[in-house]
Structure formats: structure tokens, C-alpha cells
Amino acid sequence: MADNIIIFDTTLRDGEQSPGAGLDINEKVQIARQLTLLNVDVIEAGFPVSSPGDFESVRRIAQEIRGVSVAGLARAVEKDVDSAAKALEKAERPRIHVFLATSEIHRKYKLLKAKEEIINLAVKGVKHALKYVSDVEFSTEDASRTELDFLIQVVEAVIDAGAKTVNIPDTVGYAIPDQYASIIRGLKENVKNIHKAVISVHCHNDLGLAVANSLAAVKAGAQQVECTINGIGERAGNAALEEIVMSIKTRHDFYHCSTRVVTKELIATSRLVSALTGLRVQRNKAIVGENAFAHQSGVHQDGILKERTTYEIVKPEDVGLQKTKLVLGKLSGRHAFKERIKELGYELSEKEFERAFEEFKHIADKKKEIFDEDIEAIIGIEKMEIPGIFQLESLSITCGPNAVPTAGVRLRLQDDRVVDNVTTGDGPIDALFKAIDLSTGISGKLQDYNIHAVTSGKDAMGEVDLNIDVDGKIIRGRAVSTDIIEASAKAYLNAINKVAASKLNYTLPH
Ligand code: KIV
Ligand code: ZN
């Protein structure tokens with residue numbers, strides 16, 4: 001078994017394929033920086049040919065990130081490989097990741113190609129990528145449903161062609177640990193040139209087995225694991241990086257290998273990915289869930305107080321959890337706030353910090369204690385804020401059993417003018433958003449609207465996360481406040497501000 005398992009993070013590619021997880025370029029770069037602190041070996045930054053936005057984020061990450069391999073995905077066709085190569089031009093350690101499906105189902109229904117054609121295309125794709133970079137990975141998409149003898153032939157051919165890593169994906173999450181491990185063993189025993197390449201695994205979670213399958217493959221000799229932070233990804237997601245890494249670390253007695261991941265960065269990374277993608281982590285999620293280190297039963301608490309290892313197999317500090325929380329409130333100053341932000345793993349520019357501090361003071365005035373989750377919500381919003389075009393000055397709402405829902409808003413414009421509008425609607429939120437539409441001249445159709453209490457208690461901050469449709473484009477807006485009506489108005493304005501900022505010929509209302 002390999003001593004070191006290569007951790008290939010695909011949060012920004014497969015993870016971003018999660019329904020509802022759109023990240024913009026700056027957010028992707030921010031996550032890539034955090035993945036560098038986490039010390040993953042490879043960051044798959046995107047699928048450059050798939051969209052100009054994906055191309056640009058791979059290009060930016062390749063240019064800015066050092067000390068880590070940066071991979072770009074490509075189908076086994078020239079234009080994809082060319083695009084990946086171009087996006088990776090400035091990378092310190094570029095990797096082109098070429099893929100082609102090999103299973104009978106995909107050959108017959110999706111690709112309409114015979115086995116020989118698949119081998120030829122795979123070899124051609126690898127050779128074409130090698131014209132640009134020396135580090136080429138090849139993925140046999142839907143490998144776990146591919147006939148083993150054919151899989152052996154494809155793997156041998158792509159290694160002969162020069163692939164340094166061969167990835168054996170369980171694309172549809174169909175594999176079972178014992179069976180998946182036997183595929184890896186089958187390749188190790190039957191592919192003549194297998195020693196020339198790293199065997200990688202990439203498991204989806206459709207049956208909830210992605211981590212179990214990946215670990216069974218490691219035990220069978222796989223040397224690279226592809227995974228995502230919080231297990232996000234297409235459909236039910238991918239294998240969760242934090243679970244893979246902590247299983248290998250905690251059960252070193254069983255796996256006899258390790259990773260280079262700096263585990264103390266796991267919580268900060270998980271929270272950053274959750275805040276920026278809007279995909280919440282379930283409370284009882286292993287390693288990074290809110291309850292992962294919470295002990296409720298009296299018997300357990302007694303055991304923990306006597307000897308931690310009675311009920312805890314992972315030390316919270318090892319994954320970056322602070323045991324003691326410094327409680328911040330309205331008397332806290334800039335210094336304490338800055339320190340807490342640093343401890344939580346965030347980096348803010350001077351301007352972002354000042355705005356976040358202002359928001360913190362505003363919230364602290366209304367709320368007795370400010371918890372880490374509140375601070376993260378403030379920072380998450382701060383990072384998304386498009387400042388300056390419209391600011392909410394004030395709002396008023398009238399509603400109730402016998403009243404016509406009515407909202408009034410006052411917005412301050414970039415040029416310091418104020419606009420007031422009052423209007424009615426089907427409900428208070430409808431009236432509020434209509435009043436904002438009237439004031440900005442931009443009309444959004446509400447698609448999703450979620451309110452979430454950031455912490456517990458009646459004075460908890462409410463986070464509003466919504467999507468609006470403007471001219472067929474879906475735009476996300478988020479905001480927090482102790483007042484959910486205010487949070488709703490700010491979240492809607494957050495989305496409207498993004499629209500206004502992106503419109504070349506947008507003119508302020510008169
Ligand atoms: O699931 C899959 O097969 C993939 C490949 C592109 C590696 O994501
Ligand atoms: Zn995948």
C-alpha cells in the first residue's frame with residue numbers, strides 16, 4: 001500500500017456541479033487559497049471548455065496558486081484539451097485531466113462507439129494533452145460498470161500513451177466497497193504497466209458509500225483519492241475529503257498510510273465552502289457538522305470529563321475547532337473582532353474588514369452575544385456584497401389580518417440621492433420587493449427564498465438566501481440581520497446590486 005495518499009480536491013469542479021452551488025470567480029479563488037492552506041496535493045479548478053466563466057476561474061487559479069498542482073478537466077477531444085491547456089498556461093504545476101466513458105451503457109447509448117474506438121480516442125486524448133503538459137491524468141468514466149477485461153485494456157493503453165495517473169471513477173455511485181476494491185486489485189494484478197502510473201479513485205455518493213468505497217480502494221492499493229469539501233458534488237455528491245483524511249489519520253493502525261493535509265484547516269475550509277456555495281452542512285455530519293463534537297447524554301458527558309477518549313475518537317483541536325469560544329458583544333472592539341476573524345481562518349481586506357466591523361456593531365447593538373456562526377455569516381455576506389449602487393436606508397411594513405400588505409423603502413443611491421417608494425403586494429415580502437423594484441428600475445422574479453436562523457435563541461440572526469430571475473438569468477442574494485424583514489430587503493438588494501453592476505448601460509433612476 002502507498003505510504004502517502006494523494007488528495008485530489010475537486011470541490012471547484014465536481015463540487016460546483018452540485019445543484020444550487022454557483023460560485024463566482026473571486027469565490028473560487030478564495031476557496032483555492034484555503035485549499036492551499038489545507039495542503040491538498042491537487043486542486044481541480046474547473047472544466048475550462050464548459051463556459052467562459054469556468055475557463056477564467058481555472059486561468060486565475062492557475063496564475064495565483066503556488067505549491068499545489070492545478071488541474072483542468074477535458075473530454076478526450078482536441079478542443080477541450082486545447083482549452084484546458086490554455087487556461088493552465090501560467091500554472092506552476094499544471095495537470096490536464098482527460099476523461100472518456102468506458103462502460104457498455106455509455107458506449108452504447110451516449111457515445112455510440114465500439115470498444116476499439118474508445119481505446120483510440122482515449123490514447124489520442126492523452127497524447128494530445130502531453131503536447132502541452134507532462135502531468136496527464138486519464139479517467140475511465142463509469143469504470144465501476146465497465147467490463148473488467150476491457151477496463152484493463154483501456155488502462156494499459158493510456159499508461160502506454162503517457163498518462164501518469166489513471167482514475168477509476170464510480171461515476172454513478174453504484175459500487176459496493178468489496179466489489180470496488182476487487183476492481184482496483186484486478187487492475188493491479190493484470191495491467192502490465194500499472195507500476196508506471198498512480199491509481200486514483202473518484203466515488204459518488206448515490207448509495208451513501210462514496211467514502212467507504214474510496215477507503216476500500218485505498219486498502220486495495222489506490223494511491224490517489226478524489227474528493228470534495230463537505231462531500232458536495234453532482235447529485236448526492238462525492239466522497240467527503242474531511243472524512244477520508246480523518247479516517248486515514250485516525251485509523252493509521254489499519255490503513256498504514258497518511259496524507260499531507262493540514263487537518264487543523266478542515267473546519268475553516270468546510271465553513272468557507274458552505275458559506276460561499278450556500279450548501280449547508282447537516283448538523284450530524286461526520287467531522288465538520290455542528291454536532292460532531294457535541295455530547296448530550298449525561299453518561300457521555302461524565303465519561304468525557306473523566307477521560308476524553310471514552311467517547312471521542314478525534315480531538316476537536318485536530319480539525320481546527322476551538323474548544324473555548326470568546327464571546328463577542330457590543331463592548332468588543334476592533335482588535336477582538338479582528339483576532340476572531342483570523343482564528344476562524346478568514347482574510348479580509350482593510351475595506352472589507354471596516355464594513356464587516358460596522359455590520360458587527362450594528363448587530364451587536366440588537367443581540368446580546370455574537371457567536372462564531374454570526375461572524376461567519378457577516379463575513380460570508382461581506383464577501384458577496386457588491387457595494388455602492390443601492391444601500392437600504394430604511395423600511396417600513398404594514399401588514400396583519402385586516403390590512404393590505406404595504407411596504408415603504410428608502411434607498412440611498414451611489415450619487416448620494418435618496419429614492420422613496422411605497423407600494424402594496426400580496427404579502428409584506430412581495431410588497432417590499434415591489435417597492436425595491438420601483439426604486440431601482442430593475443425587476444426580479446423571486447425563484448427561491450429561504451430564511452435560516454444563524455444561531456439558536458430568540459435574538460438569533462436570520463440569514464436570508466434567495467434567487468431571483470432577471471431576464472432569464474438566476475442571481476443569488478444573501479444578507480443577515482436580527483430583523484428578518486430587513487435581511488430580506490438586503491438580500492434582495494444584494495441580488496439587484498449584482499444585476500446593476502453587471503449591466504453595461506445601466507443608468508441610475510431619476
Ligand atoms: O464522476 C466522474 O466520472 C467524473 C469524471 C469526469 C472524473 O467526474
Ligand atoms: Zn464525478
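Keep in mind it's a predicted model, so treat the numbers as computed, not measured.

Chemist: What am I meant to see in unusual backbone geometry here?
Modeler: Comment: phi is negative for the bulk of residues other than glycine, and the bulk of peptide bonds are trans. Positioned with a positive phi, Asn230 is a non-glycine residue whose angle comes to about 65°. Considering the arrangement of structural elements, one finds Asn230 in the loop between β8 (224-227) and α9 (241-250). Despite not being glycine, Asp416 has its phi angle at roughly 80°, a positive value. Topologically, Asp416 is positioned in the loop between β10 (406-413) and β11 (418-424). Judged by its relative accessible area of 54%, Asp416 is exposed.

Chemist: How do you make sense of the sheet that holds β10 when you look at a structure like this?
Modeler: What links the strands of a sheet is backbone hydrogen bonding, and the strands pair in either a parallel or an antiparallel sense. Taking strand neighbours across the sheet as the criterion, the three strands line up as β9-β10-β11 in an open arrangement whose pairing is antiparallel. With partners counted over all chains shown, the strands left at the sheet margins are β9 (390-398) and β11, one partner each. For this sheet the average axis-to-axis angle between neighbouring strands, irrespective of direction, equals 15°. Where β9 and β10 come together, eight bridges link them in antiparallel fashion. Bridge pairing in β10 places Leu395 opposite Val409. Sitting on the sheet, helix α16 (residues 428-440) is in contact with β9, β10 and β11, with an inclination near 35° to β10. Against the sheet, helix α17 (residues 484-502) engages β9 and β10, with an angle of about 140° to β9.

Chemist: I'm lost on helix α2 (residues 52-64) in this one. Help?
Modeler: Every α-helix carries 3.6 residues per turn, so stepping three or four residues along brings you back to the same face. For α2, with 13 residues, the first-to-last C-alpha span of 18 Å sits near the 18 Å given by 1.5 Å per residue. The set of residues buried in α2 consists of Asp54, Ser57, Val58, Ile61 and Ala62. Seen end-on, α2 carries its buried residues on one side only, within an arc spanning 130°.

Chemist: Just to check I follow, could you spell out the domain arrangement of the protein for this structure?
Modeler: For interface size, the figure often reported is the accessible area lost on association. You can read the domains of the protein as domain 1 (6-277), domain 2 (334-382) and domain 3 (390-502). On a C-alpha basis, the centroid separation for the pair domain 1 and domain 2 is 36 Å. Each partner contributes residues to the interface: domain 1 has four residues there, and domain 2 has five residues. When the buried surface of domain 1 facing domain 2 is broken down by residue, Ala268, Arg271 and Ala275 rank first, second and third, together holding 61% of it. On inspection of domain 1 and its partner domain 2, the count reaches zero salt bridges. On inspection of domain 1 and its partner domain 2, the count reaches zero residue pairs in polar contact (both at pLDDT 80 or more). Residue contributions to the side of domain 1 that touches domain 2 peak at three residues, all from helix α11 (residues 266-277). When its residues are assigned to classes, the side of domain 1 that touches domain 2 shows two nonpolar, one polar and one charged.

Each value, and the rule that gives it
- Residues numbered from 1 in each chain as written.
- Chains lettered and ligands numbered in written order.
- Predicted model: local features only at pLDDT ≥ 70, side-chain atom pairs only at ≥ 80, totals over all residues.
- Heavy atoms only, no water.
- Helix = DSSP H or I, 4+ residues; strand = E, 2+ residues; numbered from the N terminus.
- Buried < 20%, exposed > 50% of the residue type's maximum accessible area, 1.4 Å probe, protein only.
- Pairing = 2+ DSSP bridges.
- Axes fitted to C-alpha atoms, helices over the stretch in contact; angles between N-to-C directions.
- Contact = heavy atoms within 4.5 Å.
- Expected span 1.5 Å × (residues − 1).
- Arc of directions from axis to C-beta.
- Domains from an automatic or database assignment.
- Buried area = accessible area lost by both parts, 1.4 Å probe.
- Salt bridge = Lys/Arg side-chain N within 4 Å of Asp/Glu carboxyl O.
- Polar contact = N/O pair within 3.5 Å; in protein donor to acceptor, adjacent residues only side chain to side chain.
- Nonpolar A, V, L, I, M, F, W, Y, C, P; charged D, E, K, R; others polar.

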